[in-house]
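Here is what each chain is made of, one letter per residue.
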Amino acid sequence: MEGRQEEGEMDLRPKYLKYISFCLAVCMGAVTACSPSSSPGSGEKPMPEASSNWVEEQLKNMSLEEKIGQMFIVGFKGKGGNEQALTVNEQAKTLIEDYHVGGMIYFDRNVESPNQVAKLSNDLQKLALSSERKIPLFITVDQEGGKVARFKEGFTAFPGNMALGATQNKELAYQTGKQMGKELRAVGVNLNMAPVLDVNNNPENPVIGVRSFSEDPGLTAELGAELIRGFHDSGIYTIAKHFPGHGDTAVDSHVGLPEISHSMERLNQVELVPFKKAVSQGTDMVMSTHIIFPALEKEPGIPATLSEKVLTGLLRKQLNYDGIIITDDMEMGAIAENFGTREAVVRAIKAGADIVLVCHSLERQTQSIEAVKQAVEKGEIDEARIDESVRRILRLKAKDAFLKQPYTDVEKATELSNRPEAEKVARQTAEQGVTLVKDPAQHIPLKPENAKKLAVFTVNKPQAIAEVLKQNGYEADVNYVDSLKKTQVPALAEKAGNADAALVVINQVKENPAWIDLIQTLHAKRIPVIVWGMDVPYGLDQLPEGVTSIALYGSSRPLLEAGAKIMAGRIQSQGRLPVTLSKQYPFGWPGQESGNQGG
C-alpha cells in the first residue's frame, strides 16, 4: 500500500533506474540496498524475480549452520555488574560471526541516545554484511509506546495502546505507527515487536493491561491494523503478538505458565479476532505466546509456542498465514523453568516456529543453536523443514535488502528521531484519550485561580508532574511516596494543611490499600480530591463518593500534560473507557449522552 506523503517529505519510493540496476546486482548475488519502500508488509505484491532468485541462490549455497543461524533473533549484554552493552561486544560478535544469527534485539542495556543506537545498528549490520553470505540482520526492539518503550531519551513519548483505545481514533493509530516507525528507521531498526493484539478482558492481568488497546475485539483489531499500516508506510516490519492471546490471564508468562480454558467458539469470537485482521493486513510476523490453550492443544501442559496444533494447525492452516512465526523469548519463566530453553527451542521449530527469540544468555543462545543442528543431524527435524523457515526469512530480508538502505545516517539520527509532527501525534492521542471517569462533586474544572495551592501525592514522575502543574497555573507541593504504609497516612494528609485541593497520582487503585486510606483521609478534610490513574483504570470507579477520578493510561509526559489541562479546564475530556469498570462505568463510558463528566 502507498504511504501518505506529507508536505516537504522526501519521496522514498524506489526510482526506476535504481530499481533496474539493483535487480541486476541482486541476480549476481549482491545485497547492496537502494531507497526504502513506503510499505514492506508481506503479501502485498508478488516478489520480484530478481529477489526470488536471490533467495533461492542463498538457500542453495548456505551451510546447515548458516540456515539455522537465520532462525534466531538474539540479544546481547555486558559482563559483570554493569550489564550495559552500548557497542558491539564479544557476545554480539560471536553470535553474528560464528553462529550466523539472523537478528539482534535491543533492550534498555543497549540504549543511550539516538546517535549511539544508530551507530550500533550500523556496526551490527556491517558485521553481518561482511560475511560470505552478506545477509542483513533484522534489528528489532520492543517499542510499543507507553509502558513498554526501550527508546526514551531523544525519542517521542508516544502514549501506549490503551490510551489509543480510549480515543477510538483509527487515524491516530495510523499516525502513531507511521511517526514511531520513522524514529525507529532513523536509528537503524527495521523490525518492531508490535503491535500487542491481546484483548485485555481480565482486570487481574499482570502483564498486558495498558499494553492492550481494549477489551473489545473489534476495536483492538481495527486499531492494531492501522498501527501495522502506519509502521509499514514508514518502512518498518511488524510482529503481531501474543498469539493466540494473552489478554485473559492472571499469570505473567515471564514467571509462570498461564492457562486459558476458553472454548474454540469463544476464542474465535474474542482472542483471535485481532490476529485474523492482522493477517489480512499483512503483518510480517506473528509472535506465539507461552500459554496453555486446552481447546487447541489436548496434550496437557503444552503452551502455544510448543504446539503444532496452534502454530501449524491453527495459524498456518486455518488462518492461512504464510508469514513468519516467531516465538516469545525462550528464556522466560514459562519455558525455561518448565521445559528448558534448549529443549523447548527444538520443540518450537518442530511445531512450526520460523524464528526463535533467545534474548539474554550467551550460553543458552549457543546451546539452543547447537541443539537445533543436532536435531537435524539426527533426523529429528528434516532439513526441508529448516529450508521452509529460512525461505520465509530470506523472502522478507530480500525486500529489506532489495528496497531499503541497511545503514542509517548516524549524524542525522537525533534530528530524525525527535520531530514536531511526532510530538503533535503524541499530544493529540493524549488529549483525545485521557478519560474523566467520574466527577460527582463537579470538581472539574479546578481553576488554578480558585485552587492555586495544590497538595500532590504521587508514586511516580514527581518532577514531571510538578512541571505540568506549574505550566497550568498551579502552585503545587509535590510529595513523592515510593511505597506508602498505612502508618504514614496521617502525616501525609497533614501536609495537605491549608491546600485548596489535593491531587493523588497512583498507578493502580488496587496496588496498595494504604493509598485508599490516604484518599479517604484527604476527602474527609472536605477539600476537593482528584485522583489520576497512570495505569489500567480498574478500580477508579470504586473511590470514595465525591472523589474525582481521571484515567491517564500511562505516565508519559503527553498524558500528564493532558491530565493537567483537563483538570484546569483548558481542554475537555474526550476519552472513553476502552475497558469495563462496572455496570455503571461500562466500555465506552462516558457516551455522547453522558456529556463530559461521569458520576
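Sequence order as written defines residue numbering, which begins from 1 separately in each chain. Where totals are concerned, whole chains, interfaces and linings use all residues; where local detail is concerned, this predicted model gives features only for residues with pLDDT of at least 70, and gives and counts side-chain atom pairs only at 80 or more. Side-chain measures here rest on the full set of heavy atoms in the structure, leaving out hydrogens and waters.

An unreviewed UniProt entry lists the protein chain under the name Beta-N-acetylhexosaminidase, with Thermoactinomyces intermedius given as the organism. UniProt positions are given in the numbering used here, feature names are shortened, and annotations may be inferred rather than shown by experiment. One UniProt comment on the protein chain, placed under Sequence similarities (unreviewed entry), says "Belongs to the glycosyl hydrolase 3 family."

A.B. asks: I'm lost on the environment of Ile 68 in this one. Help?
C.D. replies: Secondary structure elements follow DSSP: runs of H or I no shorter than four residues count as helices, runs of E no shorter than two count as strands, and numbering proceeds from the N terminus. Assignment of secondary structure puts Ile 68 in helix α3 (residues 64-70). Taking the C-alpha atoms as reference points, Ile 68 and Glu 370, 302 residues apart in sequence, are found 9.0 Å from one another. Excluding residues within four positions of it along the chain, Ile 68 makes contact with Ile 369, Val 372, Lys 373, Val 376 and Ile 386. Note on contacts: a residue pair is in contact if any heavy atoms of the two residues lie within 4.5 Å.

A.B. asks: Help me understand the side chain of Arg 211, please; the structure alone is not making it clear to me.
C.D. replies: Summarising the element assignment, Arg 211 is placed in the loop between β6 (191-192) and α8 (217-233). For Arg 211, a relative accessible area of 10% puts it in the buried group. Apart from residues no more than four positions distant in its own chain, Arg 211 is found in contact with Glu 144, Val 148, Asn 161, Val 196, Lys 241 and His 242. Three labels apply to residues, based on accessible area from a 1.4 Å probe with only protein chains included: buried if under 20% of the type maximum, exposed if over 50%, partly exposed otherwise in between.

A.B. asks: Honestly, the pattern of salt bridges in this entry has me stumped. Any pointers?
C.D. replies: Two side chains carrying opposite charge are able to pair once their charged atoms lie near each other. The term salt bridge refers to a side-chain nitrogen of Lys or Arg lying within 4 Å of a carboxyl oxygen of Asp or Glu. Scanning the entire structure with this criterion turns up 33 salt bridges. Its salt-bridge partner being Glu 57, residue Lys 60 comes within 3.8 Å of it at the nearest N-O pair. Note that Lys 60 and Glu 57 are positioned in helix α2 (residues 49-61) at a spacing of three residues, about one turn of the helix. Residue classification places Glu 57 among the partly exposed residues on the basis of a relative accessible area of 38%. Between Lys 119 and Asp 123 there is a salt bridge; the shortest N-O distance is 2.9 Å. Pair noted here: Lys 119 and Asp 123 are both in helix α5 (residues 114-129), with a separation of four residues, about one helical turn.

A.B. asks: Looking at this structure, I do not really get the environment of Ser 51. What am I missing?
C.D. replies: With respect to the helices and strands, the residue Ser 51 is situated in helix α2. Note: C-alpha distance between Ser 51 and Leu 394 (343 residues apart in sequence) is 9.3 Å.

A.B. asks: Quick question: what am I supposed to make of the pairing of strand β16 (residues 548-551) here?
C.D. replies: For a regular strand, side chains alternate in direction, first toward one face of the sheet and then toward the other. Here β16 shows a buried face lined by Thr 548 and Ile 550 and a second buried face lined by Ser 549 and Ala 551. At least two DSSP bridges between two strands are required for those strands to pair. Examined bridge by bridge, strand β11 (residues 435-438) and β16 share three bridges and lie antiparallel to one another. Within β16, the position partnered with Thr 435 by the bridge is Ala 551. Note: strand β15 (residues 529-533) against β16, four bridges, orientation parallel.

A.B. asks: What is the right way to look at the sheet that holds strand β10 (residues 355-358) in this model?
C.D. replies: Sheet architecture is closed into a barrel: eight strands sit in the order β1-β2-β3-β6-β7-β8-β9-β10, paired in parallel fashion. Examined bridge by bridge, strand β1 (residues 72-74) and β10 share three bridges and lie parallel to one another. Paired with Ile 73 across the two strands is Leu 357, which belongs to β10. Axis lines are fitted to C-alpha atoms, over the contacting stretch for helices. Their N-to-C directions set the angle, which ranges from 0 to 180 degrees. Those strands touched by helix α13 (residues 341-351) are β1, β9 (324-329) and β10, and its axis lies near 160° from that of β10.

A.B. asks: Which parts of the structure should I look at to understand helix α7 (residues 170-186)?
C.D. replies: Count 3.6 residues to each turn of an α-helix, and residues three or four apart come out pointing the same way. Multiplying one less than the number of residues by 1.5 Å gives the expected span of a helix. Compared with the 24 Å implied by 1.5 Å per residue over 17 residues, the 25 Å span of α7 between its first and last C-alpha is a close match. Burial within α7 is extensive, with 15 of its 17 residues counted as buried. Polar contacts here mean pairs of N or O atoms no more than 3.5 Å apart (in protein, one a potential hydrogen donor and the other a potential acceptor; neighbouring residues in sequence count only if both atoms are side-chain atoms). Structurally, the start of α7 carries an N-cap: the backbone nitrogen of Glu 171 is 3.0 Å from a side-chain oxygen of Asn 169. Phi turns positive, to about 90°, at Gly 188, one or two residues after α7.

A.B. asks: Help me understand the packing of helix α4 (residues 90-98) against α5 in this model?
C.D. replies: Any two packed helices are characterised by how steeply their axes cross, that is the angle between the axes, and by the distance between the axes. The geometry of α4 relative to α5 is characterised by a closest axis approach of 9 Å and an angle of 30° between their N-to-C directions. Overall, the two elements α4 and α5 adopt an arrangement that is roughly parallel. In this structure, the crossing between α4 and α5 has a hand that is right-handed. Touching Ala 92, Lys 93, Ile 96 and Glu 97 of α4 are Leu 124, Leu 127 and Ala 128, all from α5. Classes in brief: Ala, Val, Leu, Ile, Met, Phe, Trp, Tyr, Cys and Pro nonpolar; Asp, Glu, Lys and Arg charged; the others, Gly included, polar. Tallied by class, residues from the contact of α4 with α5 come to five nonpolar, no polar and two charged. Oblique is the label for any angle not covered by the other classes, which are roughly parallel (under 35 degrees), roughly antiparallel (over 145) and roughly perpendicular (65 to 115). Left-handed describes a crossing whose near helix is turned anticlockwise from the far helix through less than a right angle; right-handed describes the clockwise counterpart.

A.B. asks: Can you walk me through unusual backbone geometry in this structure?
C.D. replies: Comment: phi is negative for the bulk of residues other than glycine, and the bulk of peptide bonds are trans. A cis amide bond, omega 5°, links Ile 444 with the succeeding residue Pro 445. By the secondary structure assignment, Pro 445 is in the loop between β11 and β12 (453-458). Omega for the bond connecting Trp 589 with Pro 590 falls within 30 degrees of zero, at -10°, which places this linkage in the cis form. Residue placement: Pro 590 occurs in the segment after α21 (557-568). The phi angle at His 100 is positive, at roughly 55°, despite the residue not being glycine. Assignment of secondary structure puts His 100 in the loop between α4 and β2 (103-106). For Lys 461, which is not a glycine, the phi torsion comes out positive at approximately 50°.

A.B. asks: Help me understand helix α10 (residues 273-281), please; the structure alone is not making it clear to me.
C.D. replies: By the burial criterion, the buried members of α10 are Pro 274, Phe 275, Ala 278, Val 279 and Gln 281. Axial view of α10: buried residues confined to an arc of 160°, hence all on one face. Looking at the buried side of α10, the elements it contacts are α8, β7 (237-243) and β8 (285-288). Directly beyond the C-terminal end of α10, a positive phi value near 90° is found at Gly 282. Relevant arc is that of directions from the helix axis to the C-beta atoms, nothing else.

A.B. asks: Where do I start with the pairing of β7 in this structure?
C.D. replies: Burial within β7 is extensive, with seven of its seven residues counted as buried. When the strands point away from the viewer, a crossover counts as right-handed if the route from the first strand across the helix to the second turns clockwise. After leaving β6, the chain enters α8 and then returns to the sheet as β7, a path that is right-handed. Pairing analysis gives three bridges linking β7 to β8, with the strands arranged parallel. Its bridge partner lying in β8, Ile 239 is registered against Met 285.

A.B. asks: I tried to follow the packing of aromatic side chains on my own but got confused; where do I start?
C.D. replies: Both the distance between ring centres and the angle between the ring planes are used here to describe each pair of aromatic rings. Side-chain rings of Phe, Tyr and Trp (the six-membered ring for Trp) are treated as a pair once their centres are within 6.5 Å; stacked means planes under 30 degrees apart, edge-to-face means over 60, and tilted covers the remaining angles. The full count for this structure, using the stated rule, is four aromatic pairs. For the ring pair Tyr 106 and Phe 151, a centre distance of 6.4 Å and an interplane angle of 50° mean the geometry is tilted. Highlighted residues: Tyr 106 in strand β2 and Phe 151 in the loop between β5 (148-149) and α6 (161-167), separated in sequence by 45 residues. With respect to burial, Tyr 106 and Phe 151 carry one shared label: buried. Relative to Trp 589, the ring of Tyr 585 has its centre 5.2 Å away and its plane inclined at 85°; by these criteria the two rings are edge-to-face. Among the aromatic residues, those joined into a ring-pair cluster are Tyr 106, Phe 151 and Phe 155. When the ring centre of Phe 138 is taken as origin, the NZ or CZ atom of Lys 397, which lies over that ring, is 4.8 Å away. Throughout this description, the term charge over a ring refers to an Arg CZ or Lys NZ atom that lies within 6 Å of the ring centre and within 35 degrees of the ring normal.

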